[in-house]
Amino acid sequence: KELIKKRTSWIRKKLEEESKIIISSPKEYISGESFTYLGRNYRLKVFKGNKPDVKLIGGYLEVSYPKKSKKTTIKDILIDWYKDHAIKRLTEKTNRFAKIIGVVPNSISIRDYKSRWGSCSSKGEISYNWKIIIAHHHIVDYIVIHELCHLKHPNHSPLYWKSVKHIMPDYQVCREWLKFHRNELLV
């Protein structure tokens, strides 16, 4: 009881934050449904084809779905497409920002994290949650900068945050956005 009494304001703050988190409804993977890539919404257009394929054409994500495929779902095809684009875009962004920050990562990869957006190991290996590619460019840039700054400061010290702020003065806006919109980054 004493602990709860001491932490009441913190508990209320956390409950208020949780109530602001946006909950997205599950996807159905049908034509006309909206999917997001780098912060832009695209309409899904599903059609039968010879092989699984995704093309971004105009305002559409066109998914070719093989008639005889029982193992591959539209969701699987889309996830593979997002992952392919995630590694390409995140590698480009990482290399660009690494030059600005003055660091060199040893490797760049993508993973399917449940509750984090990226990671930087003590060996300089950077990995990203592929789902971040759904967010707007500026949010993706923040994640890249966040991980690259760990190559200079392997912690979240004031010096670390100063490095992040030097590259991205409004990084706190991105942190807040991720806190409240994390459930929107779904495929």
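As a reminder, the structure under discussion sits directly above these lines.
Reading guide: rules and limits
- Residues numbered from 1 in each chain as written.
- Predicted model: local features only at pLDDT ≥ 70, side-chain atom pairs only at ≥ 80, totals over all residues.
- Heavy atoms only, no water.
- Phe/Tyr/Trp six-rings, centres within 6.5 Å; stacked < 30°, edge-to-face > 60°.
- Buried < 20%, exposed > 50% of the residue type's maximum accessible area, 1.4 Å probe, protein only.
- Lys NZ or Arg CZ within 6 Å of the ring centre and 35° of its normal.
- Pairing = 2+ DSSP bridges.
- Helix = DSSP H or I, 4+ residues; strand = E, 2+ residues; numbered from the N terminus.
- Axes fitted to C-alpha atoms, helices over the stretch in contact; angles between N-to-C directions.
- Contact = heavy atoms within 4.5 Å.
- Salt bridge = Lys/Arg side-chain N within 4 Å of Asp/Glu carboxyl O.

Novice: Help me understand the packing of aromatic side chains in this model?
Specialist: The relation between two aromatic rings is expressed through the spacing of the ring centres and the mutual angle of the planes. Under the definition given, this model contains eight aromatic pairs. Note on Trp81 and Tyr82: the rings are 5.2 Å apart at their centroids and 85° apart in plane angle, and the pair reads as edge-to-face. By relative accessible area, Tyr82 is classed as buried at 0%. The rings of Tyr37, Trp81, Tyr82 and Trp130 are connected pair by pair, giving a single aromatic cluster. Across from the ring centre of Phe35, 4.4 Å away, lies the NZ or CZ of Lys27, which sits over that ring. Across from the ring centre of Tyr60, 4.3 Å away, lies the NZ or CZ of Lys45, which sits over that ring.

Novice: What am I meant to see in the sheet that holds strand β2 (residues 40-49) here?
Specialist: Strand pairing in a sheet relies on backbone hydrogen bonds, with the paired strands running either antiparallel or parallel. Pairing is mixed in the open sheet, where four strands are placed in the order β1-β2-β4-β3. Edge strands, defined here as strands with exactly one partner in the open sheet, are β1 (34-37) and β3 (53-57). Within the sheet, the average angular offset between the axes of one strand and its neighbour, ignoring direction, is 35°. The pairing of β2 with strand β4 (residues 60-66) spans seven bridges and is classified as parallel. Looking at β4, one finds that Phe47 is bridged to Ser64. Sheet contacts for helix α3 (residues 74-101): β1, β2, β3 and β4; angle to β4, the most-contacted strand, approximately 125°.

Novice: What am I meant to see in unusual backbone geometry here?
Specialist: Negative phi is the rule for most residues except glycine; trans is the rule for most peptide bonds. One non-glycine residue, Tyr29, adopts positive backbone phi at about 60°. Among the structural elements, Tyr29 can be located in the loop between α2 (8-20) and β1. Residue Leu38 is not a glycine yet carries a positive backbone phi of 50°. Residue placement: Leu38 occurs in the loop between β1 and β2. Judged by relative accessible area, which is 6%, Leu38 ranks as buried.

Novice: Sorry if this is basic, but what is going on with the sheet that holds strand β6 (residues 118-120) here?
Specialist: Pairing within the open sheet is mixed, and its three strands lie in the order β5-β7-β6. In this open sheet, the two strands that pair with only one neighbour each are β5 (107-111) and β6. Ignoring strand direction, the axes of neighbouring strands in this sheet form an average angle of 15°. Here β6 runs beside strand β7 (residues 125-129); their pairing, made up of three bridges, is antiparallel. Across the sheet, the residue bridging to Ser119 is Ser127, located in β7. Each of β5 and β7 is contacted by α3, which is oriented at about 145° to β5, the strand it contacts most.

Novice: Any chance you could explain the pattern of salt bridges here in plain terms?
Specialist: Where charged atoms of side chains with opposite charge meet at close range, the side chains can pair. A complete count under the given rule lists five salt bridges for this structure. A salt bridge links Glu62 to Lys45, with the shortest nitrogen-to-oxygen separation between them at 3.8 Å. Of this pair, Glu62 sits in strand β4 while Lys45 is found in strand β2, placing the two residues 17 residues apart along the sequence. Among the salt bridges present, the one from Lys131 reaches Asp112, with a minimum N-O distance of 3.5 Å. Of this pair, Lys131 sits in the loop between β7 and α4 (137-149) while Asp112 sits in the loop between β5 and β6, placing them 19 residues apart in sequence. Here Asp112 falls in the partly exposed class, since its relative accessible area comes to 41%.

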